[in-house]
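# A structural walkthrough
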Amino acid sequence: MNQPVSGFSKKTKAEKIEWLAENYLQNNPNSIQILKDYWNEDASLQQLHDDFIENTLSNYYLPFGIAPNFLINKKLYALPMVIEESSVVAAASNAAKFWFERGGFKAEVISTDKNGQIHLNFYGKEKSLETFFEEIKPKLRESIQSIEKNMKARGGGLLELSLVDKSHILEGYFYIHATFETLDAMGANFINSCLEKMAQVFENEARNSEVFQKENTFPEVVMSILSNYVPECLVRAEVSCKIDELTTKHHDGKQFAEKFVRAIEIAKTETRRAVTHNKGIMNGIDAVVLATGNDFRAVEAGVHAYAAKNNYYGSLTHAKIEGDTFTFWIELPLAIGTIGGLTSLHPLTKLAFEILQKPNAKELMKIIAVAGLAQNFAAVRSLVTTGIQKGHMKMHLMNIMNQMQATKDEKNKALVYFKENAISHSSVEAFLKELRS
Ligand code: MEV
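As the structure is a computational prediction, the values presented were derived from the model and not from experiment.

Looking only at helices and strands, one finds 16 helices and 10 strands in the protein. Overall size of the protein, expressed as C-alpha extent along the three principal axes, is 90 × 70 × 40 Å. Residues classed as buried in the protein amount to 45% of the 437 residues present. Within the protein, contacts between residues separated by at least 24 positions form 70% of all contacts whose residues are at least 6 apart in sequence. When the accessible surface of the protein is totalled, it reaches about 23600 Å², and 51% of it is carbon and sulfur. In the protein, 49 side chains carry a positive charge and 52 a negative one; their mean positions are 5 Å apart.

Encoded structure:
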């Protein structure tokens, strides 16, 4: 198979599958059936999924679960979570219950500005570019009037335009920095349309500018695109309680709080720990972002860049003990939407919004931040007490049993047996072997 295929997207779904089976899956007689097994019986629902991307052959299922008992700003939520990792929903539910009994989560949106840039090359006099930019600014704003109309009517739109000189870092590099309020939309399409339109006007006007003509150097647009780095679109979530209230039958409150704060300090200082620590936070965040049809890659990219904003990569969560009070909080950027994109297309996404009682974007930012904080609390609590493997392997037991094609009866027996015994791949294998012999 060394020849490229041409016109692939024009083939029918059946032709694409046939092509794939012939060229890449010759050794698997079941390949076509596997793809078909995941088709939806409802043809119109299948068509909806087919149309999300190009060359759809089948659907890829992930579990859609629920973590109840999240008390956020005194309102009780059940969080829809889409994730494949066995222990995540269980951990979120545990943390939610734990904090429900201690007053719940508080969350607030700090800011909501999004941004994008028109990246420029300019090798002339900086002053000329600055003067031209100030002159042209009203025209740039005017040029996006029709794109902005609906957004503006709802109270959003373009906020500010400024020229940024980066030529000291990269010769000839400047950009126009644009900030936006996109309300309940994530805003990627809106921002990109505005930027592309302004870039076009900018370049045209520059060509007609007498100053640039006289100097015979013109600014050139390299590209126009939103930024997924949104440190001005911030949310904060927090839990706090008296240290005594952290005492459980398993640990003393003071010792636990001190060890917990130490674990956060380690994640703030050491990148090797911080990345795993933040990965645990993203377990919760991505799961709700996915369930609500938002762009988890954008969220991931922006969040990790924020974790490195002080020129080293550190923890997104913070913890302190002040007097007799333990406080644990997260602050992170989240550009998400509750309208547009997949949010109103995917039936399960629509259902997720109903479960969340139809939040607006600000409310959803708070819910997602809480999911991250809860997930991190559950992970760090396990790490500084029992270790994570106990809970992890308990949840993973079913995966191992399924891999070994265990029957329902075998699964039930395993659940009883492994309450008292350590779970590992080999111990489950040995248990099944014994049971089957
Ligand atoms: C596993 O998915 C996530 C953890 O490793 C997070 C952490 O170490 O904090 C448990």
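Right, let's talk about a nonpolar patch on the surface for a bit. Taken together, the side chains of Ile 34, Tyr 38 and Tyr 61 make up a nonpolar region of the molecular surface, amounting to roughly 320 Å² of accessible area. Along the chain, Tyr 61 falls in the loop between α3 (43-50) and β1 (64-72).

Time to look at the site of the ligand. Around the ligand, the structure places Glu 85, Arg 273, Thr 276, His 277, Lys 279, Gly 280, Asn 283, Ala 379, Leu 383 and Ile 388. In this structure, Lys 279 approaches the ligand through a side-chain N or O atom, which is 2.6 Å from an oxygen atom. For the ligand, the accessible surface in isolation is 300 Å², of which the surrounding protein chains cover 87%. At the level of secondary structure, the elements contributing two or more residues to the shell around the ligand comprise α10 (271-291) and α13 (361-384). With six residues, α10 is the single largest residue contributor to the shell around the ligand. A per-class count over the shell around the ligand returns three nonpolar, four polar and three charged.

One non-glycine residue with positive phi stands out, namely Asn 73, at about 50°. One can find Asn 73 in the loop between β1 and β2 (75-82). Judged by relative accessible area, which is 35%, Asn 73 ranks as partly exposed. Phi at Lys 74 is positive, roughly 70°, even though this residue is not glycine. By the element assignment, Lys 74 lies in the loop between β1 and β2. With a relative accessible area of 80%, Lys 74 lands in the exposed category.

Moving on, we come to the pattern of salt bridges. For the coordinates displayed, the defined rule picks out 16 salt bridges. Notably, a salt bridge pairs Glu 205 with Lys 139, separated by 3.5 Å at the nearest N-O pair. Of this pair, Glu 205 sits in helix α7 (residues 188-207) while Lys 139 sits in helix α5 (residues 126-143), placing them 66 residues apart in sequence. For Glu 205, a relative accessible area of 24% translates into the label partly exposed. Its salt-bridge partner being Glu 238, residue Arg 236 comes within 2.4 Å of it at the nearest N-O pair. In this structure, Arg 236 and Glu 238 share a single accessibility class: buried.

Working definition: the strands of a sheet are paired by backbone hydrogen bonds and lie parallel or antiparallel to each other. Strand order in the open sheet formed by four strands is β5-β6-β4-β7, with antiparallel pairing between adjacent strands. Each edge of the sheet is formed by a strand with only one pairing partner; in this case those strands are β5 (157-165) and β7 (220-226). Within this sheet the neighbouring strands show an average axis-to-axis angle of 20°, counted without direction. With nine bridges connecting them, strand β4 (residues 113-121) and strand β6 (residues 173-181) associate as antiparallel partners. When the sheet's bridge partners are listed, Gln 117 is paired in β6 with His 177. Packed on one face of the sheet, α5 meets β5 and β6 and runs near 170° to β5.

This part takes up the side chain of Gln 46. Summarising the element assignment, Gln 46 is placed in helix α3. We classify Gln 46 as buried; its relative accessible area is 6%. In this structure the side chain of Gln 46 is engaged in a polar contact, spanning 2.7 Å, whose partner is the side chain of Asp 50. Sequence-distant contacts of Gln 46, that is, excluding residues within four places in its chain, are made with Lys 13, Tyr 38, Trp 39, Asn 40 and Asn 59.

The four strands lie next to each other as β3-β8-β10-β9, forming an open sheet whose pairing is antiparallel. Looking along the sheet, the strands with just one partner apiece sit at the ends: β3 (106-109) and β9 (317-322). For this sheet the average axis-to-axis angle between neighbouring strands, irrespective of direction, equals 20°. When β3 meets strand β8 (residues 234-242), the two strands line up antiparallel, connected through four bridges. When the sheet's bridge partners are listed, Glu 108 is paired in β8 with Arg 236.

What counts and what doesn't
- Residues numbered from 1 in each chain as written.
- Predicted model: local features only at pLDDT ≥ 70, side-chain atom pairs only at ≥ 80, totals over all residues.
- Heavy atoms only, no water.
- Helix = DSSP H or I, 4+ residues; strand = E, 2+ residues; numbered from the N terminus.
- Buried < 20%, exposed > 50% of the residue type's maximum accessible area, 1.4 Å probe, protein only.
- Contact = heavy atoms within 4.5 Å.
- Areas by Shrake-Rupley, 256 points an atom, 1.4 Å probe, with all protein chains shown as cover.
- Lys, Arg positive; Asp, Glu negative; His and termini not counted.
- Charge placed at Lys NZ, Arg CZ, Asp CG, Glu CD.
- Patch = residues over 30% accessible without salt bridge, like charges linked within 9 Å, V, L, I, M, F, W, Y side chains within 5 Å.
- Salt bridge = Lys/Arg side-chain N within 4 Å of Asp/Glu carboxyl O.
- Near = heavy atom within 4 Å.
- Polar contact = N/O pair within 3.5 Å; in protein donor to acceptor, adjacent residues only side chain to side chain.
- Nonpolar A, V, L, I, M, F, W, Y, C, P; charged D, E, K, R; others polar.
- Pairing = 2+ DSSP bridges.
- Axes fitted to C-alpha atoms, helices over the stretch in contact; angles between N-to-C directions.

Scope: geometric values only; no functional claims are made or implied.
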